[in-house]
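Below are the chains, spelled out letter by letter.
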Amino acid sequence: MNAKRDQDNVIDDSRLWQAVERAREKRKALGIEAPTTDLIAAIRKWEEKETAMGEGNFELKLEVEAIPPNTVDSVQARLKEVIEEVVAASGLDTLLRGQKPQLVFAQGLPTKEGVDIALMVLAFVLHEAPTAWPHLKAFLELLGTRLKKATPRTINADITIGKKKVHIKGMTPEDAIKVITEEYEVYFQPRRKG
Amino acid sequence: MGERRTRKEVAFYEGKLKSSELPEKVNLAEVTAEMNDLWEKSVLNIKVGEVREHAATLVLGSNGSLRLDNVVEGGPSSVTPDRDVGADRTLVGTFHTHPYPDGTTGMAFSGADIAYAINKGDTMTLVQSGQDTFALVHTEKTPASVSRAVLEAEFDVLFDEYVIEDAMSDQEAALVTNLDLCKRYGLAFYLGKSDGKLEVVYKP
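Residues numbered from 1 in each chain as written. Chains lettered and ligands numbered in written order. Predicted model: local features only at pLDDT ≥ 70, side-chain atom pairs only at ≥ 80, totals over all residues. Heavy atoms only, no water.

**Here's the deal with the overall build of chain A**
Turning to step 1, where the next piece is worked out: On a plain count of helices and strands, chain A comes out with 6 helices and 7 strands.
Turning to step 2, where the next piece is worked out: For chain A, the proportion of its 194 residues judged to be buried stands at 36%.
Turning to step 3, where the next piece is worked out: The contacts in chain A between residues at least 6 apart in sequence include a share of 65% that link residues at least 24 apart. (Helix = DSSP H or I, 4+ residues; strand = E, 2+ residues; numbered from the N terminus. Buried < 20%, exposed > 50% of the residue type's maximum accessible area, 1.4 Å probe, protein only. Contact = heavy atoms within 4.5 Å.)

Rendered as structure tokens:
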């Protein structure tokens, strides 16, 4: 216990210097000379990269018809359950940095045909868009699978990540996923190999 | 000088400002002489290849003055700040140096430094490496605790990538790795020279 406490109180920078030595060995092995340092230029480069990557708002609107004997309330409760499960199962929760995805349930909307629609809006901010993409895709795929039991249903989605915007209206989850995937698969090639 | 400190400045050092309220510039003029003195002590024997990290505790006195207390000498790559401050002072954070036997300077925070800053909940953490001064500032977006091991591993991965794939120097790679981790862990980052005039680089 005391050893742990002592360890917590020590600032041990040895790994920083190990990283420096490792970098120097790598440069030597690759025959690269250490570049001149310009911290301000490095900051500008980082800021440019951040701008290119961008942060994105993710907002998904789900409209599910509540066909009797289901009520709007019971459909909304199931939607909430499904969303929470799928956010966790897709790993999306690990990217939200403490954010709770906002689940907003509007009142049931009566349609002309007299069928109530349960409307749910899921919203959160993605801070690292490229790394978020695999989780977002998994989220949409899992959601599509889970919602198959609740047909008919449509998805309206407004997704903004970086400079890219996708608007989807009145599509099935499968079609929505197809559109989003096509829109993003080129844009979201990871910049680095992980 | 302390008496002339504005309420907002006091609130800043007390860690009461939100990220959006953090100042663009911070002036540490009151403590730069001591910071520079500790840097000189850190590299006193560098000619024979010996360096020693030095640390001190940054405190805010009851009259609003900023000062460095509890100077301690550490080893070549580690130091244990003495965080025991008097009841009449507010602990703001810690300061320490980053010397290296071959004379490398300009090295920002290590992964361990960032983990320490988060886990201790310090308002401001300072590092001086030669003429460069770096500061981490806690915000409402900073988590209460992190795993040092995880943070050090993240640091290594990012640093190696910046060195090899972006062909950055060691100092540049450390700096942008710091920025990545500040973004990930909701810390603000300031950069300045040994005159104590720091400017914000990143606010979460």
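**Regarding the sheet that holds strand β6 (residues 124-129) of chain B**
Residue and element names in this part refer to chain B.
Turning to step 1, where the next piece is worked out: Taken in spatial order, the 8 strands make up an open sheet running β1-β9-β8-β7-β6-β5-β2-β3, and their pairing is mixed. Each end of this open sheet is capped by a strand with a single partner; those strands are β1 (25-27) and β3 (66-73). In this sheet, adjacent strand axes meet at a mean angle of 25° when their direction is disregarded.
Turning to step 2, where the next piece is worked out: Direction of pairing for β1 relative to strand β9 (residues 197-202): antiparallel, over a ladder of 3 bridges. Pairing of valine 26 across the sheet is with leucine 198, part of β9.
Turning to step 3, where the next piece is worked out: In this fold helix α2 (residues 29-42) packs onto β1, β2 (54-60), β3, β5 (90-97), β6 and β7 (132-137), with an angle of close to 15° to the strand it touches most, β3. (Pairing = 2+ DSSP bridges. Axes fitted to C-alpha atoms, helices over the stretch in contact; angles between N-to-C directions.)

**Section: the interface of chain B and chain A**
Turning to step 1, where the next piece is worked out: Across the boundary between the two partners, chain B contributes 52 residues, which contact 40 residues of chain A.
Turning to step 2, where the next piece is worked out: Taken over both partners, the interface formed by chain B and chain A buries close to 4200 Å², and the fraction arising from carbon and sulfur atoms is 52%.
Turning to step 3, where the next piece is worked out: A salt bridge links Arg15(A) to Asp156(B); the shortest N-O distance between them is 2.7 Å.
Turning to step 4, where the next piece is worked out: Our count for the contact surface shared by chain B and chain A stands at 20 residue pairs in polar contact (both at pLDDT 80 or more).
Turning to step 5, where the next piece is worked out: Taken together, the elements giving at least two residues each to the side of chain B that touches chain A come down to β4 (78-79), β5, α3 (111-120), β7, α4 (148-164), α5 (170-185) and β9 of chain B.
Turning to step 6, where the next piece is worked out: Considering each element in turn, the side of chain B that touches chain A owes the most residues, 11 residues, to α4(B).
Turning to step 7, where the next piece is worked out: Of the pairings in the sheet, the one linking strand β1 (residues 11-12) of chain A to β4(B) comprises 2 bridges and is antiparallel in character. Counted as the bridge partner of Asp12(A) is Ser78(B) from β4(B). (Buried area = accessible area lost by both parts, 1.4 Å probe. Salt bridge = Lys/Arg side-chain N within 4 Å of Asp/Glu carboxyl O. Polar contact = N/O pair within 3.5 Å; in protein donor to acceptor, adjacent residues only side chain to side chain.)

**Digging into the packing of α4(B) against α5(B)**
Residues and elements named next belong to chain B.
Turning to step 1, where the next piece is worked out: At a closest axis distance of 9 Å, the pairing of α4 and α5 adopts a crossing angle of 135°. Considered as vectors, α4 and α5 are oriented oblique to each other. Between α4 and α5 the crossing geometry is right-handed. Between α4, through Val150, Leu151, Glu154, Phe155, Leu158, Phe159, Tyr162 and Val163, and α5, the contact on the second element is made entirely by Asp170, Ala173, Ala174, Val176, Thr177, Asn178, Asp180, Leu181, Arg184 and Tyr185.
Turning to step 2, where the next piece is worked out: In the contact of α4 with α5, the residues fall into 12 nonpolar, 2 polar and 4 charged. (Parallel < 35°, antiparallel > 145°, perpendicular 65-115°, else oblique. Left-handed = near helix turned anticlockwise from the far one by under 90°. Nonpolar A, V, L, I, M, F, W, Y, C, P; charged D, E, K, R; others polar.)

**Side note on the confidence of the model for chain A**
Low pLDDT means the predicted coordinates in that region are not meant to be read closely.
Residue and element names in this part refer to chain A.
Turning to step 1, where the next piece is worked out: In the predicted model, chain A carries a mean pLDDT of 70, and the fraction of residues at 70 or more is 46%.
Turning to step 2, where the next piece is worked out: Mean pLDDT values for the elements of chain A range from 54 in strand β4 (residues 109-110) up to 94 in β1.
Turning to step 3, where the next piece is worked out: In this model residues 184-194 is a low-confidence stretch, pLDDT under 50, and it forms 24 contacts with partners more than four residues away in sequence or in other chains. (pLDDT = per-residue confidence, 0-100.)

**Side note on the pattern of salt bridges**
Turning to step 1, where the next piece is worked out: Summed over all chains, the structure comprises 21 salt bridges over all chains.
Turning to step 2, where the next piece is worked out: Where Arg24(A) meets Glu21(A), a salt bridge forms, and the shortest distance between an N and an O atom there is 4.0 Å. A residue pair is termed a helical-turn pair when its members lie 3 or 4 positions apart in one helix, as Arg24(A) and Glu21(A) do in helix α2 (residues 14-30) at 3 residues.
Turning to step 3, where the next piece is worked out: With relative accessibility at 25%, the residue Arg24(A) sits in the partly exposed group.
Turning to step 4, where the next piece is worked out: A salt bridge links Glu47(A) to Arg44(A), with the shortest nitrogen-to-oxygen separation between them at 3.0 Å. Within this pair, Glu47(A) and its partner Arg44(A) are both found in helix α3 (residues 39-53), separated by 3 residues, close to a single helical turn.
Turning to step 5, where the next piece is worked out: Of the residues examined, Glu47(A) reaches a relative accessible area of 30% and is grouped as partly exposed.
Turning to step 6, where the next piece is worked out: Given the relative accessible area of 44%, Arg44(A) is considered partly exposed.
Turning to step 7, where the next piece is worked out: Ionic contacts of the salt-bridge type, sharing partners, join the residues Arg15(A), Arg22(A), Lys26(A), Arg148(B), Glu152(B), Asp156(B) and Asp160(B) into one network.

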